[in-house]
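# Summary of structural features
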Amino acid sequence: MQSENKNCQNCKASFTIEPDDFSFYEKIKVPSPTFCPECRLVRRLLMRNERTLYKRKCDLCNEEKILVFPKESKYKVYCHDCFYSDNWDGQTDGQDYDFSKTFFEQYIKLYDSVPRLGIAKQGFNVNSEYVNRASDTKNCYLIFASNDNEDCYYGVSYWGSKNCMDCYNVRKCERCFECLDCYKCNGLKYSKECNECLDSYFLNNCRNCQNCFGCTNLRNKNYCIFNKQYAREEYLEKISEFRIYSRAELEKIAERVRKESLNYIVPCIVEHHSVNVSGNWIENSKNVNNSFNCDKVEDGKYLLGVQQAKDVMDYTYWGNGSELIYETSSVGRQCSSVLFSNESWDQLVRAEYCVNCFSSSDLFGCVGLRKKQYCILNKQYSKEEYETMIQKIKEQMKNMPFLDNAGRTISYGEFFPCDMLPFAYNESIAQEYFPKTKEEIIVQGYRWKEPDTKNYVPTVLSSELPSSINLVSDHILNEIIACAHGGRCNQQCTTAFKIIPNELQFYRANNIPPPQLCPNCRYYERLLKHQPFKLWPRACMCDPTLESYDGQSRINHLHGKEKCDIEFKTSYAPDRSEIVYCEKCYQQEVY
């Protein structure tokens, strides 16, 4: 089978469907997509709200809770305990299938009537009310998509970590602050893509380093400053000169680190123990392409945040022993043959167009079902009736497609139309990874949610805060601090914020100045330092005729005296300033 070029019906850009893609579509019996890979990803991200929380009453127990739907939402919204209780049954809203109407017309009616799960979690959360998609947490606040953490505050993707703050994707870390993509680090601050580093500041892509400052690409080093080796006494004396307790000095250091890091090489991909992979941050995987943040995956493509899965495509988040998953978001825990679905888990098998369905099999177009089988639009059928009906429905979906509010044709084989998206674009994580202005969002047929009216008045400007935490008294806990962005950014600015007691304690213990930005703006600023979920074709920049950053010759590389000719796909865009190497050249020069 040959490749096929198509034009995306959403963004109009051209994209290619490869022979291996067609083989997968044939295996699961679906037509090829009409949206390009990026538009498909954005469409799935629109179903997921992680960080936008609302205080509202549960529509079943009537108790005030922290949930992901505002009180004015059109859905009935249940808290976690009520949603999983026996006090309601999704089959109550079941409906007969009407072949005179499109599938999605009928599905949207069902989708709007069945109660929504108001917060996502597994396991137990102790003293951690303000979290979402966070499980087994203790004393945590405003962390999301995280598991097994204690005393962590503000940020996304904490895993098995303690006493960390303002981080993104840290695993088995302690006492870390403003770190991205770090593993088994302790006492690390303002750093990125580091493993097993201790008591250091401003590191980039370092391994097993201790007491280092402003360094890039170091391995197994102690007492280095901007990649220069010092004796212990010299190091301690030099570090004291940097005045890292001062906000103004920290800003100068951060800018120097940013500029100097551009003189060092970067790998085209961050992967470990993997074979035939492309994308970024891929661990222990095989035959995984155009994918990001994946671990223990085999035979996958166009993935984001997937672990322990096999034979999967266009899949965002979760896995845990799942296979044959396509065009889904937040599906996992021993699921199989699940297509075009969202927020469903625990051994869901042979399900299509399902939301909030668990421990079930053979479902089509269902919402909020548990331990059910052979259901269509939440109505029960016999096995024979079910199998006959879904074939007729799929054929009808092809012959009678749904036209969404932006004029896009949605037939069988496509994900949910934007008309039924539960969140506005700027409530979902699509805005975090693919930010758009209000005007762009509306033109593309998505919803925009205006910021809630604030009923608080700032009591202090962020510019009036002391530059050092040593000058901050407990009185700051009573202040409403105006965010320095003042709502003028596109970062979901809350315009003002407060500092909680545990946060203040963390700043004091780690000699960190108080923040000037609200948690949302701090998060978006952090994402700006993170590589995008996009790939560009590039060639290795390794050239033996040019001096390496450490003055060493490159003629010992596999390509010898010639310029390296390896091509790859990387998340570093061609117009960026970094010096991007293929994996082999990077390892030969750094390790």
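Attention in this report is confined to the structure presented alongside it. Not measured: the values here are computed from a predicted model.

Another point: the packing of aromatic side chains. Aromatic ring pairs are reported here in terms of the distance separating the ring centres and the angle at which the planes meet. Applying the stated criterion across every chain, the model contains 49 aromatic pairs. Ring geometry for W318 versus W345: centroids 5.3 Å apart, planes at 70°, classification edge-to-face. On the criterion of sequence distance, the pair formed by W318 in strand β21 (residues 286–332) and W345 in strand β22 (residues 336–345) is long-range, its members being 27 residues apart. Each member of the pair W318 and W345 is classed as buried. Between R116 and the ring centre of Y111, over which it is positioned, the NZ or CZ distance is 4.2 Å. It is R256 that lies over the ring of F226; its NZ or CZ is 3.8 Å from the centre.

What follows covers empty space enclosed by the protein. Scanning all chains against the criterion turns up two cavities of 30 Å³ or more. In this model, the largest cavity occupies a volume close to 180 Å³. Lining the largest cavity are 18 residues, with F69, L117, R133, E343 and F423 sitting closest to its centre. Mapped by element, the contributors of at least two residues to the lining of the largest cavity are β6 (116–117), β8 (132–138) and β22. Here the lining of the largest cavity is built from residues that sort into 10 nonpolar, five polar and three charged. As a volume, the second largest cavity reaches approximately 50 Å³.

Glancing now at unusual backbone geometry. For D136, which is not a glycine, the phi torsion comes out positive at approximately 50°. Positionally, D136 belongs in strand β8. The phi dihedral of N217 is positive, around 60°, even though this residue is not glycine.

Turning our attention to helix α6 (residues 247–261). Because an α-helix completes one turn every 3.6 residues, residues spaced three or four positions apart along the sequence face the same direction. Helix length check: α6, at 15 residues, gives a terminal C-alpha distance of 21 Å against a target of 21 Å (1.5 Å per residue), a fit within 8%. Within α6, the full set of buried residues consists of R247, E249, L250, I253, V257 and S261. Angularly, the buried residues of α6 cover 150° about the axis, an arc narrow enough to put them on a single face. Turned more than 90 degrees away from the buried face of α6 sit K252 and K259, all of them exposed.

Attention now moves to the environment of K252. In this structure, K252 sits in helix α6. Overall, K252 belongs to the exposed group, its relative accessible area being 57%. Linking K252 and F242, residues 10 residues apart in sequence, is a C-alpha distance of 9.7 Å.

For the rest of this paragraph, the subject is the sheet that holds strand β20 (residues 275–283). One open sheet holds the eight strands; their spatial order is β19-β20-β21-β22-β23-β24-β25-β26, and the pairing between them is mixed. On the outer flanks of this sheet lie β19 (271–272) and β26 (379–380), each paired with one strand and no other. The pairing of β21 with β22 spans seven bridges and is parallel. Opposite E323, over in β22, you have S336 as the bridge partner. Where helix α1 (residues 19–28) meets the sheet, its contacts fall on β21 and β22, and the angle it forms with β21 comes to roughly 25°.

Where burial is concerned, most of β8 is hidden: five out of the seven residues are buried. Examined bridge by bridge, strand β7 (residues 125–126) and β8 share two bridges and lie parallel to one another. By the bridge assignment for β8, V126 is matched with K138. Across five bridges, β8 lies against strand β9 (residues 141–150) in parallel orientation. Bridging from a neighbouring strand, T137 pairs with N149 of β9.

One pass over the full model with this rule turns up 37 salt bridges. Between K74 and D112 there is a salt bridge, with the nearest N and O atoms lying 3.4 Å from each other. Separated by 38 residues along the polypeptide, K74 in the loop between β4 (64–67) and β5 (77–78) and D112 in helix α4 (residues 103–113) bring together distant segments of the chain. Take K74: its relative accessible area is 55%, and that puts it in the exposed class. Note on D112: relative accessible area 23%, which makes it partly exposed. Between K438 and E450 there is a salt bridge, with its nearest N and O atoms 2.4 Å apart. Here the residue K438 occupies a position in helix α9 (residues 438–443), and E450 occupies one in the loop between α9 and β29 (460–461), the gap between them amounting to 12 residues. A residue is classified by how much of its surface remains accessible, and K438, at 30% relative accessible area, is partly exposed. Judged by relative accessible area, which is 44%, E450 ranks as partly exposed. One network of salt bridges, with partners in common, ties together R40, R43, R44, D314, E327 and E414.

Turning to the side chain of N217, a few remarks are in order. As for its placement among the helices and strands, N217 is situated in the loop between β15 (210–213) and β16 (222–225). At a separation of 2.6 Å, a polar atom in the side chain of N217 contacts the side chain of Y586.

This part takes up the pairing of strand β14 (residues 198–201). Both strand β13 (residues 186–192) and β14 contribute to a ladder of three bridges, which runs parallel. Bridging across to β14, L188 finds its partner in S200. Pairing analysis gives two bridges linking β14 to β15, with the strands arranged parallel. Note that in β15 the partner of Y201 across the bridge is F213.

Positionally, N163 belongs in the loop between β10 (153–159) and β11 (165–171). With relative accessibility at 32%, the residue N163 sits in the partly exposed group. Along the primary structure N163 and P37 are separated by 126 residues, whereas in three dimensions their C-alpha atoms are 37 Å apart.

Ranked by size, the top nonpolar core spans 151 residues in total, and within it F103, F364, I376 and Y433 carry the most contacts. With residues near it in sequence (within four places) discarded, F103 still touches Y97, Y353, F364, G365, L377, I393, Q396 and M397. I143, C167, C176 and L188 belong to the second-largest nonpolar core, a separate cluster that totals 24 residues.

About the criteria used
Residues numbered from 1 in each chain as written. Predicted model: local features only at pLDDT ≥ 70, side-chain atom pairs only at ≥ 80, totals over all residues. Heavy atoms only, no water. Phe/Tyr/Trp six-rings, centres within 6.5 Å; stacked < 30°, edge-to-face > 60°. Helix = DSSP H or I, 4+ residues; strand = E, 2+ residues; numbered from the N terminus. Buried < 20%, exposed > 50% of the residue type's maximum accessible area, 1.4 Å probe, protein only. Lys NZ or Arg CZ within 6 Å of the ring centre and 35° of its normal. 1 Å grid on protein atoms, 1.4 Å probe; cavity = no way out; pocket = protein on both sides within 12 Å on 5 of 7 lines; lining within 4 Å. Points joined across faces, edges and corners; volume = space filled by probe spheres on them. Nonpolar A, V, L, I, M, F, W, Y, C, P; charged D, E, K, R; others polar. Expected span 1.5 Å × (residues − 1). Arc of directions from axis to C-beta. Pairing = 2+ DSSP bridges. Contact = heavy atoms within 4.5 Å. Axes fitted to C-alpha atoms, helices over the stretch in contact; angles between N-to-C directions. Salt bridge = Lys/Arg side-chain N within 4 Å of Asp/Glu carboxyl O. Polar contact = N/O pair within 3.5 Å; in protein donor to acceptor, adjacent residues only side chain to side chain. Core = buried A, V, L, I, M, F, W, Y, C linked by side-chain atoms within 4.5 Å.

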